[in-house]
Amino acid sequence: MLFADLLVSGVLDALVDVVPHLLRSSGSGSSQFLWLAPVVTGPAAGGGTYYVVHNRYRNPGETYRYEDVSRIELRNEQHGDVYVRERSKTRERHVEAWEQSRDPRVRVHGKPQGLGGFFGLFD
Amino acid sequence: MTEHQSPDPVPPGGPAGPPPAASQTPGAPVPAPPTPDMPSLGEAAGAGVLRFADTGNLSGIVKCTRCGSSDIGWDIGAQALACRSCRFQWQGTLLESQVDLTSGIASLTGTVVSERAQDIADDASAVVTLKCTACGAEVVINTEESVQARCHWCRNTLSTDTRIRNGAVPDGVVPFRVTREQAMGLISEFVKDRRVFADGRFKREFTAENVMGVYLPYFVFDGSFGAQVQGEGEIQTRTWTETTGDDDHKVTTRYYAADVYEVTRTFDATVDDLFLESSADKADTSDEGRTNNILNALLPFDVKQAVQYSPSYLKGMTSERRDLNVGQLEGAVRDRLLTIARSRADTMVGDYDRGVRWDTEAVDLRGSRWVTVYLPLWIYSWYEKETDTKHYVAVNGQTGAVMGSVPLNRPLLGGTATLVAVLVAALTLVIVWMMLGGR
């Protein structure tokens with residue numbers, strides 16, 4: 001699992017780095033980077049094959065999805081939305097460090113903002 | 001430089017309106033904020049004890065009401081307890097009919113545990129002595145191996161009663177619905193679909209006949225808690241592109257502008273029937289050497305169908321003893337409640353099209369209720385010596401859901417992956433060569 005993950009993440013990182021160069025160079029008529037494409041696609045396909053088969057046979061990510069299947073009822077919802085500032089120019093498509101909050105199974109990574117003792121209850 | 005501006009999105013609260021302030025549903029009661037002095041589950045355990053009525057199955061000898069035989073078992077086909085002497089069949093007592101385990105969760109305070117979910121006595125031994133009420137003989141059993149017992153002299157089936165404080169007896173049992181033959185078929189099919197890259201020795205040794213019916217011990221948790229998550233969210237106000245460089249090396253970059261908000265979501269919640277492993281051996285789902293995640297993935301079960309415990313349900317099956325107390329699951333409960341809190345908070349921030357990053361979180365468990373149950377699983381297990389891994393292929397004995405870990409033939413998979421890599425690289429090389437006109 002670890003090997004497969006490292007392999008795939010390495011290949012994806014390489015793709016992210018190399019593909020824009022390839023596209024740019026091909027758009028301008030330069031072919032020097034295009035010859036590197038097999039170096040990217042080959043390992044990506046091999047790593048992907050290993051990852052898919054490993055997951056299908058070993059099911060390492062399968063667990064009880066209690067947050068989805070349990071009977072959960074919510075009451076007394078309160079929403080606080082306080083305007084803080086304008087972000088006038090950024091290349092990021094999402095709020096900074098948004099990916100840290102994408103999986104509800106993963107603990108929050110943000111820094112406590114003045115309420116560390118209060119909210120850091122379970123640290 | 002060129003600039004393309006997209007139409008401004010509408011922020012929550014209306015277009016070009018003032019930024020939304022902290023809002024609250026008018027008239028809604030204000031939930032108490034999470035407090036750091038949450039009582040420890042271990043300390044609170046025993047604060048309230050649920051007691052189930054003794055329906056006659058709990059102690060002494062379990063007998064057929066028609067012929068008096070103690071040779072009773074669970075007939076999966078008939079979904080009934082059956083006397084193996086006179087064929088008389090009857091239904092067990094539903095756990096829910098004894099104590100309401102569904103309603104009243106929101107008003108729970110402190111920790112309420114069933115009599116059999118109480119802490120395992122420190123001096124409890126796995127070896128217990130039962131006195132046969134029919135002939136008076138004393139029968140010694142090791143509850144590590146079995147919680148069923150038969151009098152060696154008069155052959156009556158004895159019940160391990162409520163006084164055994166070593167975790168061997170649960171409150172309820174979810175009886176098997178899936179037959180052994182059905183489970184064998186499901187496991188065979190699961191393995192058959194994964195034969196190509198399966199370990200060679202596993203393929204040779206696999207026989208579905210080795211599947212075992214196992215009752216594993218779990219806590220069923222109902223709880224009421226308050227939750228608060230806080231973070232930063234953004235709403236896009238515009239987007240545009242800027243192009244730099246000369247004609248040969250143009251670089252186009254997309255930029256965004258956004259309003260930033262401090263986002264807080266506070267709510268109360270109840271959770272009904274959350275399962276927690278109560279056997280330490282099965283509770284660790286992170287150890288890849290044990291593939292416990294496979295058994296964990298077969299949860300949940302419908303515990304509304306659980307019946308009051310009787311050793312008759314265990315006949316012909318194996319079972320495992322509970323060895324964890326409620327207090328030892330404090331961390332696991334908090335992890336699960338925090339996950340539920342994050343998961344629900346994510347459904348409350350749909351207006352933030354650039355997402356919300358949660359920075360702080362808290363839950364306050366106000367009340368909980370715990371019962372212990374045996375849950376039915378059909379398990380095929382296989383030990384992979386080379387990697388010191390115990391693989392399970394298992395079937396949920398109530399629903400028929402299947403999950404498994406099939407050991408891999410790593411050299412074959414590695415070789416195949418390498419071959420795919422080489423072929424794809426070669427194919428890409430040909431395509432590039434053709435694209436460049438064969439230069």
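Each value, and the rule that gives it
Residues numbered from 1 in each chain as written. Chains lettered and ligands numbered in written order. Predicted model: local features only at pLDDT ≥ 70, side-chain atom pairs only at ≥ 80, totals over all residues. Heavy atoms only, no water. Contact = heavy atoms within 4.5 Å. Buried area = accessible area lost by both parts, 1.4 Å probe. Salt bridge = Lys/Arg side-chain N within 4 Å of Asp/Glu carboxyl O. Polar contact = N/O pair within 3.5 Å; in protein donor to acceptor, adjacent residues only side chain to side chain. Helix = DSSP H or I, 4+ residues; strand = E, 2+ residues; numbered from the N terminus. Nonpolar A, V, L, I, M, F, W, Y, C, P; charged D, E, K, R; others polar. Pairing = 2+ DSSP bridges. Core = buried A, V, L, I, M, F, W, Y, C linked by side-chain atoms within 4.5 Å. Buried < 20%, exposed > 50% of the residue type's maximum accessible area, 1.4 Å probe, protein only. Expected span 1.5 Å × (residues − 1). Axes fitted to C-alpha atoms, helices over the stretch in contact; angles between N-to-C directions. Parallel < 35°, antiparallel > 145°, perpendicular 65-115°, else oblique. Left-handed = near helix turned anticlockwise from the far one by under 90°. 1 Å grid on protein atoms, 1.4 Å probe; cavity = no way out; pocket = protein on both sides within 12 Å on 5 of 7 lines; lining within 4 Å. Points joined across faces, edges and corners; volume = space filled by probe spheres on them. Disulfide = S-S within 2.5 Å.

> Describe the interface of chain B and chain A, with residues and values.
One frequent convention defines the size of an interface as the accessible area lost when the parts assemble. Counting residues at the interface gives 108 residues for chain B, matched by 75 residues for chain A. Across the interface of chain B and chain A, roughly 8400 Å² is buried in total on both sides, 56% from carbon and sulfur atoms. Considering only the surface of chain B that becomes buried against chain A, Tyr 256, Arg 354 and Arg 357 of chain B emerge as the three largest contributors, covering 7% of it. Run the count over chain B and chain A and you get eight salt bridges. Among the salt bridges present, the one from Asp 335 of chain B reaches Arg 107 of chain A, with a minimum N-O distance of 4.0 Å. Taken together, the connections running from chain B to chain A amount to 42 residue pairs in polar contact (both at pLDDT 80 or more). Examining the composition of the side of chain B that touches chain A, we find that 24 residues originate from one element, strand β13 (residues 251–277) of chain B, more than from any other. Across the side of chain B that touches chain A, the residue classes break down as 56 nonpolar, 24 polar and 28 charged. Here strand β1 (residues 71–90) of chain A runs beside β13 of chain B; their pairing, made up of 15 bridges, is antiparallel.

> Any chance you could break down the nonpolar core for me, citing the residues and the numbers?
Grouped together as the largest cluster of nonpolar side chains are 64 residues, with contacts concentrated most on Phe 221, Phe 225, Leu 337, Trp 370 and Leu 375 of chain B. Within the residue set of this core, elements represented by two or more residues are β6 (110–114), β12 (212–244), β13, α6 (292–296), α7 (330–346), β16 (356–384) and β17 (389–396) of chain B. Here Leu 337 of chain B is in contact with Phe 221, Phe 225, Val 271, Val 363 and Leu 365 of chain B, once residues within four sequence places are set aside. With 42 residues, the next largest nonpolar core counts Tyr 57 of chain A together with Ile 76, Phe 176 and Trp 378 of chain B among its residues.

> Mind laying out helix α2 (residues 37–58) of chain A, listing which residues take part and the relevant values?
Residue and element names in this part refer to chain A. Counted at 1.5 Å a residue, the expected span for α2 with its 22 residues is 32 Å, and the 31 Å between its end C-alpha atoms agrees. Ala 37, Pro 38, Val 40, Gly 42, Gly 46, Gly 47, Tyr 50, Val 53, His 54, Tyr 57 and Arg 58 are the residues of α2 that are buried. Within two residues after α2, Asn 59 carries a phi angle of roughly 45 degrees, on the positive side.

> Report on the packing of α2 of chain A against helix α8 (residues 410–435) of chain B, specifying residues and quantitative values.
α8 of chain B packs onto α2 of chain A with a crossing angle of 150 degrees between their chain directions and a minimal axis gap of 7 Å. The angle between α2 of chain A and α8 of chain B places the two elements in the roughly antiparallel class. Relative to α8 of chain B, α2 of chain A is oriented so that their crossing is right-handed. Here Ala 37, Pro 38, Thr 41, Gly 42, Pro 43, Ala 45, Gly 46, Thr 49, Tyr 50, Val 53, His 54 and Arg 58 of chain A of α2 of chain A lie close against α8 of chain B, whose contacting residues are Arg 410, Leu 413, Gly 414, Ala 417, Val 420, Ala 421, Val 424, Ala 425, Thr 428, Leu 429 and Val 432 of chain B. Classifying every residue of the contact of α2 of chain A with α8 of chain B by side-chain character gives 14 nonpolar, seven polar and two charged.

> Give me the sheet that holds strand β4 (residues 80–83) of chain B: which residues, what numbers.
Read across the open sheet, the three strands follow the order β3-β4-β5 (chain B); overall the sheet is antiparallel. Lying at the two open borders of the sheet, with one neighbouring strand each, are β3 (72–75) and β5 (89–90) of chain B.

> Please provide a residue-by-residue account of the layout of surface pockets, values included.
For the largest pocket, the calculated volume is near 540 Å³. Thr 63 of chain A together with Asp 284, Thr 285, Ser 286 and Asn 296 of chain B are, among the 26 residues lining the largest pocket, the residues nearest its centre. Top contributing element to the lining of the largest pocket by residue count: α7 of chain B, with five residues. Residue composition of the lining of the largest pocket, grouped by class: seven nonpolar, nine polar and 10 charged. What the second largest pocket holds in volume is close to 200 Å³.

> How would you sum up the state of the cysteines? Please name residues and give values.
Residues and elements named next belong to chain B. A full pass over the atoms with the stated rule returns zero disulfides over all chains. With no disulfide of its own, Cys 64 lies closest to Cys 86 among cysteine sulfurs, the gap being 3.7 Å. The structure places no disulfide on Cys 67, whose sulfur is separated from the nearest cysteine sulfur, that of Cys 83, by 3.5 Å.

> Residue-level account of the pattern of salt bridges, with values.
Scanning all chains against the criterion turns up 28 salt bridges over all chains. Linking Arg 107 of chain A and Glu 361 of chain B is a salt bridge whose minimum nitrogen-to-oxygen distance equals 2.9 Å. One end of the pair, Arg 107 of chain A, is in the loop between β1 and α4 (116–119); the other, Glu 361 of chain B, is in strand β16, on a second chain. Asp 281 of chain B is paired through a salt bridge with Lys 282 of chain B; the nearest N and O atoms lie 2.7 Å apart. Relative accessible area serves as the criterion here: at 34%, Asp 281 of chain B is assigned to the partly exposed category.

> Got a sec to walk through the environment of Phe 301 of chain B? Specific residues and values, please.
All names here are of chain B. Along the chain, Phe 301 turns up in the loop between α6 and β14 (307–308). Classification of Phe 301 by relative accessible area gives buried; the value is 6%. With 117 residues separating them in the primary sequence, Phe 301 and Met 184 have C-alpha atoms 20 Å apart. Dropping the residues within four chain positions of it, Phe 301 is found in contact with Val 174, Phe 275, Leu 375, Pro 376, Leu 377, Asn 396, Gly 397 and Gln 398.

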